[in-house]
Amino acid sequence: MKNFFFLPSVIIALFFACSEKESSSEMIDPLQILEFEVIDSVMVEVLPDLIILDFHPRKEQYLMKERRGGGIYLVDAAGGIIAQPELTGEGPNQVSMIWEGRFFGADQYIFKELSENMDFHVFDTDFRKVEKIPGAATGLNAIFLSFFRQTFTVWEENGERLMIGEETNAYNPADLNPEKIGADFYNKANTGFLYELDADSISYLNLYPNDWEPKKSQRWIGQSFPYLAFDTKRKIVAVLPPIGDQLFLFDLEGNQLKNERAVPLTHPERSQSIPDPERESLLYPSFSDVKNFGEYQLVIFYTPIPEEVYSEFRAKNENYNQDPEWRKVVAQYRKPRYIVIKDGKQLGILNELPISGNVNLGLADGSLLIKAAAGDIELDFNLFYRMRLKATQ
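What you see is a predicted model, and the numbers here were worked out from it, not measured in a lab.

J.: Residue-level account of the side chain of Arg270, with values.
T.: With respect to the element layout, Arg270 can be found in the loop between β17 (256–264) and β18 (287–293). A polar side-chain atom of Arg270 sits 2.4 Å from the main-chain carbonyl oxygen of Gly244. At a separation of 3.0 Å, a polar atom in the side chain of Arg270 contacts the side chain of Asp245. Once residues within four sequence positions are removed from consideration, Arg270 is found in contact with Gly244, Asp245, Tyr284, Pro285, Ser286, Phe287 and Phe301.

J.: Just give me the short version of the pattern of salt bridges, but keep the residues and values in it.
T.: The final tally for this structure, using the stated rule, is 27 salt bridges. A salt bridge links Asp289 to Arg149, with the shortest nitrogen-to-oxygen separation between them at 2.9 Å. You can see Asp289 sitting in strand β18 and its partner Arg149 sitting in the loop between β9 (129–133) and β10 (152–157), a full 140 residues away along the chain. Among the residues examined, Arg149 registers a relative accessible area of 10% and is labelled buried.

J.: Provide a residue-level description of the sheet that holds strand β23 (residues 367–372), including the pertinent values.
T.: Taking strand neighbours across the sheet as the criterion, the 4 strands line up as β1-β24-β23-β22 in an open arrangement whose pairing is antiparallel. The open sheet has two free edges, formed respectively by β1 (36–44) and β22 (357–362), since each of these has just one partner strand. Across this sheet, the average inter-strand angle for adjacent strands is 30°, counted without regard to direction. Bridge analysis of β1 against strand β24 (residues 382–389) gives 8 bridges, and the strand direction is antiparallel. Paired with Glu37 across the strands is Arg388, a residue of β24.

J.: Tell me about the layout of surface pockets, residues and numbers included.
T.: Computed from the structure, the second largest pocket encloses a volume of approximately 1,200 Å³. What lines the second largest pocket is a set of 43 residues, and nearest its centre among them are Asp54, Phe55, Arg102, Gly362 and Ala364. Looking at the lining of the second largest pocket, the elements with two or more residues in it are β2 (50–56), β6 (98–104), β10, β14 (227–231), β18 and β22. Taken together, the residues of the lining of the second largest pocket sort by class into 18 nonpolar, 10 polar and 15 charged.

Conventions used here
Residues numbered from 1 in each chain as written. Predicted model: local features only at pLDDT ≥ 70, side-chain atom pairs only at ≥ 80, totals over all residues. Heavy atoms only, no water. Helix = DSSP H or I, 4+ residues; strand = E, 2+ residues; numbered from the N terminus. Polar contact = N/O pair within 3.5 Å; in protein donor to acceptor, adjacent residues only side chain to side chain. Contact = heavy atoms within 4.5 Å. Salt bridge = Lys/Arg side-chain N within 4 Å of Asp/Glu carboxyl O. Buried < 20%, exposed > 50% of the residue type's maximum accessible area, 1.4 Å probe, protein only. Pairing = 2+ DSSP bridges. Axes fitted to C-alpha atoms, helices over the stretch in contact; angles between N-to-C directions. 1 Å grid on protein atoms, 1.4 Å probe; cavity = no way out; pocket = protein on both sides within 12 Å on 5 of 7 lines; lining within 4 Å. Points joined across faces, edges and corners; volume = space filled by probe spheres on them. Nonpolar A, V, L, I, M, F, W, Y, C, P; charged D, E, K, R; others polar.

This is the structure we're talking about:
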């Protein structure tokens, strides 16, 4: 009889133990305050303001660009300048205006050109142009300035060169006029692309998720072009509409986005409902970027300006945005906030970085590269920090 009762009791004990373990693993407070720690830094002693375009982990090299110019810098891990090629121009080994850039494979570089088609230019290890790839744009209709974002990712898979990205100019506005079609725009506008480079084949992707509230309810709230970030290791595509409270994850299967998953995003300073398109954008905490770093995603937004402050300035002058005092108000109220996602769930939030600056790049090793803020003093060097997430309890 003892054996008869022993086995069920063991099973019951194991059941409750497993249940407690599963419950505790799922009990994550999405609003817990996370912390990052600085693990390294690199200083580049040049006067122009630089941003990091990409990092090559095997070579430990940075590809950098002048923030407000066309200068390109190849920099080593210690901040030393390896090369400063003159790539901007009209010569055979130049690009008229460089918009973005990446390392491409082991020994090449690829740059996106600011032009009607947003073409791509491939350079060899000596910065000689070896290929020009037609861009995904159908015309230059809209430009969004964001110095710390990359809109495309390149990688190799089974010997094939691939590129995925977002392109707000990938559709013809004459064919998709929101004033005529309203929220049907979200069903028809394909602002993402997947490029099979060796086959010269491009597939356009609709980046407006089916479960995104404005698309689901067919409510027009403006174009709200989604951001895209791709994890080349896990083949996961993160899509973030600027308006709303959701991040979306997809699996890249062939040339399609599959298995849409919505991740609810919460933050104490994001309590507003989705605004009408006529409302001043600075009054809403719009998302500004999503970056992959290791097994995490980082979502960034800026806090809104109080409506009473905005109304006060607007009542004084219709050209309030030219007022120097207005710029001070924007700096005072528009602060970056951060939400961290892991395994399709919100892990927590971060209100301030350990150092003041802009999140420049997320790396596959789980670290972030931060461009340190210069402050009010013009420096003759550029400082970048590498930081990682501290372990959570």
